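Residue-level structural notes
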Amino acid sequence: MNAGRALEGAGCVTWWGFGPARDLRNTGPGRQGEVGNILLVGGGDPRHVLKTVAGLKVTDRLHVWIIENSMEVVARQLMLLYLALIPQESMGLHEKTEVFLEVFGNSEIRNHTEETVKQAASQLRLSVTNCLETPAHPCLDTTLLRYKERDELARIFKTWTQPLSSSGAVSITRAWDSRLRRHLGTRYDSRRGCFDWDLAMKLHQKGCGVINKQQYFQWRERGLAFEMREGVYQKTNPTLLSTRVFSHRGEKVAVMGYWGDIVSSPYLSFGIESDNKTLFQTQNGQHVKTAQDFSFTNIEALFQSLVCRKQHSASSQPDTEKTTESEPSQTEAHHKSVTVNDLIHLDGVSVTFLPLDSLSKLPEKQKYSQLFNSIYFGASLVHKLDPALKRTAAPGAVLIVELAKYLLDLTKEQEAGFAEKVVDMAREVGFEPWREENSDDCHAVFTLPREETRSRPAAT
């Protein structure tokens, strides 16, 4: 398979990461102090943000700065954070987990979820356009984006509130099938054999045995990763549509479609690891629980940690009441009125989105000098790692880079070459590899020797 086909499988838009969620403050040697600043470049989804917040102590403070390579990815991250922060009195924990996973990993969603997305998009649009200097919510801070970027965000959110026919969007079913045909070529008619090979000989061999064959095949065939109810999944998930520019007869043409991953799966972010060891139970050599079960349990636990963080701030008792399936009309009535300001406010946690081209400019600004305790690069943007970035790293900072382990269309040689290139790039910046017996092979972790950093204190 040539490089073009390999790129076609992973896609050119990172809707989800190619590795599991990590607590970025506790990855690497030692533990950071009570105040932490994290630069997250090309994460693709909020998995690391949620996992890191869940690992905070009561007195810890966290500020995450996010850079992505497209406004569609920024818009989707804002949507997923909005859903994660809906208070329990507006949407029960169980239902919120279902809705989040549908939006996160399904090409098609239920009617109820579509209405939730429209409501959230409407509120996010208001937040982006009305809150220019002060963010409406500290975890949805877009005030540092350029005006044209905020205009683009508002346009994207507006399309998510409109019917597909009026927004000009294409059918995601046809878009998905088009991607499959382009990626598989002559193997399209025997695609189930290709799916089986990728699952059994790649994902399972890489330690993802919890990914169920039936669920993986359904996702590969039509983009439906999480089917948790008997409801009908037939509404296009607008958060997974974006434009891609092609050259046609010497002219550039923007084409709306699905341009994300069609090979590795959204199960990687939350569905292959868990602190809940009961999920790993096997019977006759087969996993009893699937990646969908892992994802649901992990997300629900992360959402519960958000509630606890909020409850500490409010000095009140946690509300454990869950919305049941017998109360859909009541739930719908509640979450329709959720404004951005009504969302859960996490004590001491902020998330700020930076302009798309800001990475090269951060080292030139005094406010970012020696600021970041942790710097994370997703596999899709690791080529942006530049030696000048060392000026933004705090003494003893940790660099975490997502590797190509789960880019399934790469050969073993290409995967190893990617890891070697990452080491070379990190050393050019001034970081040295950090190794631990139990370290994973999904991420490369590097540390910045304290003598390599300047002695002046970090800007706040």
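Every chain's residues receive numbers from 1 upward, in the order its sequence appears when written. Reporting of local features is limited, given that this is a predicted model, to residues whose pLDDT is at least 70; pairs of side-chain atoms are given and counted only at 80 or more, and all residues count toward the totals for whole chains, interfaces and linings. Only hydrogens and water are set aside when side-chain values are computed; all heavy atoms of the structure are taken into account.

Further remarks concern the overall build of the protein chain. A count of helices and strands for the protein chain gives 14 helices and 13 strands. Remark: exposure states derive from per-residue accessible area (1.4 Å probe, protein chains only) relative to the maximum for the residue type, with buried under 20%, exposed over 50%, and partly exposed in between. Taken over 460 residues, the protein chain has a buried fraction of 54%. Where accessible areas are quoted, they stem from the Shrake-Rupley method and a 1.4 Å probe; at the residue level, only the protein chains shown are allowed to cover. A total accessible area of about 20100 Å² is found for the protein chain, and carbon and sulfur atoms account for 48% of it. Put simply, DSSP H or I for four residues or longer makes a helix, DSSP E for two residues or longer makes a strand, and each gets a number counted from the N terminus.

Structurally, the position occupied by valine 263 is in the loop between β6 (251-257) and α11 (267-270). It is 9.5 Å that separates the C-alpha atoms of valine 263 and tyrosine 216, two residues lying 47 residues apart in sequence. Any two residues whose heavy atoms approach within 4.5 Å are treated as being in contact. Here valine 263 is in contact with Gly9, His183, Asp198, Tyr216, Trp219, Arg220, Leu408 and Asp409, once residues within four sequence places are set aside.

For the rest of this paragraph, the subject is helix α5 (residues 111-130). Each turn of an α-helix holds 3.6 residues, which means side chains three or four residues apart point in the same direction. Helices are assigned an expected span. That span is 1.5 Å times one less than the residue count. The end-to-end C-alpha distance of α5 is 29 Å, a good match for the 28 Å that 20 residues give at a rise of 1.5 Å each. Buried within α5 are the following residues: His112, Thr113, Glu114, Thr116, Val117, Gln119, Ala120, Ala121, Gln123, Leu124, Ser127 and Val128.

When two rings of Phe, Tyr or Trp (its six-membered ring) have centres within 6.5 Å they constitute a pair, described as stacked for plane angles under 30 degrees, edge-to-face for angles over 60, and tilted for the intermediate range. With the rule as written, the count across this model stands at 16 aromatic pairs. An angle of 75° between the planes, with centres 6.3 Å apart, marks the rings of phenylalanine 100 and phenylalanine 270 as edge-to-face. Of the two residues, phenylalanine 100 is situated in helix α4 (residues 93-105) and phenylalanine 270 in helix α11; the sequence distance between them amounts to 170 residues. One exposure class covers both phenylalanine 100 and phenylalanine 270, and it is buried.

Let us look at the confidence of the model for the protein chain. On average, residues of the protein chain score 88 in pLDDT, and 87% of them are at 70 or above. Residue-level confidence of the predictor, termed pLDDT, takes values from 0 up to 100. Helix α3 (residues 71-84) holds the highest mean pLDDT among the elements of the protein chain, 98, whereas helix α13 (residues 328-335) holds the lowest, 44. Contacts for the low-pLDDT stretch residues 1-6, under 50 throughout, to residues beyond four places or in other chains number 11 contacts. Scored below 50 in pLDDT, residues 453-460 shows 20 contacts in the model against residues more than four places distant or in partner chains.

What follows is about the sheet that holds strand β10 (residues 372-377). In spatial order, the strands read β9-β2-β1-β10-β11-β13-β12; together these 7 strands make up an open sheet with mixed pairing. This sheet does not close on itself; its edge strands, each paired only once, are β9 (349-353) and β12 (432-433). Here a strand pair is declared whenever DSSP counts at least two bridges between the two strands. Two strands pair when backbone bridges link them, and strand β11 (residues 393-402) and strand β13 (residues 443-447) are joined in this way by 5 bridges, in the antiparallel orientation. Note that in β13 the partner of leucine 399 across the bridge is phenylalanine 446. Running at roughly 175° to strand β2 (residues 61-67), helix α2 (residues 47-54) makes contact with β1 (35-41), β2, β9, β10, β11 and β13 of the sheet. Lines are fitted to the C-alpha atoms to define the axes, a helix being fitted only along its stretch in contact, and any angle between axes, read from their N-to-C directions, falls within 0 to 180 degrees. α3 rests against β2 and β9 of the sheet, and its axis sits at about 160° to β9.

In the sections that follow, a salt bridge refers to a side-chain nitrogen of Lys or Arg positioned within 4 Å of a carboxyl oxygen of Asp or Glu. All told, the structure shown has 19 salt bridges when counted by the stated rule. Ionic pairing is found between arginine 22 and glutamate 273, a salt bridge with its closest N-O pair at 2.8 Å. In this pair, arginine 22 is assigned in the loop between α1 (3-10) and β1 and glutamate 273 in the loop between α11 and β7 (282-283), connecting sequence segments 251 residues apart. By relative accessible area, which is 13% here, arginine 22 ends up buried. Between lysine 405 and aspartate 441 there is a salt bridge; the shortest N-O distance is 2.8 Å. Note that lysine 405 is positioned in the loop between β11 and α14 (412-429) and aspartate 441 in the loop between β12 and β13, a separation of 36 residues in sequence. By sharing partners, the salt bridges in this structure join Asp45, Arg47 and Glu402 into a single network.

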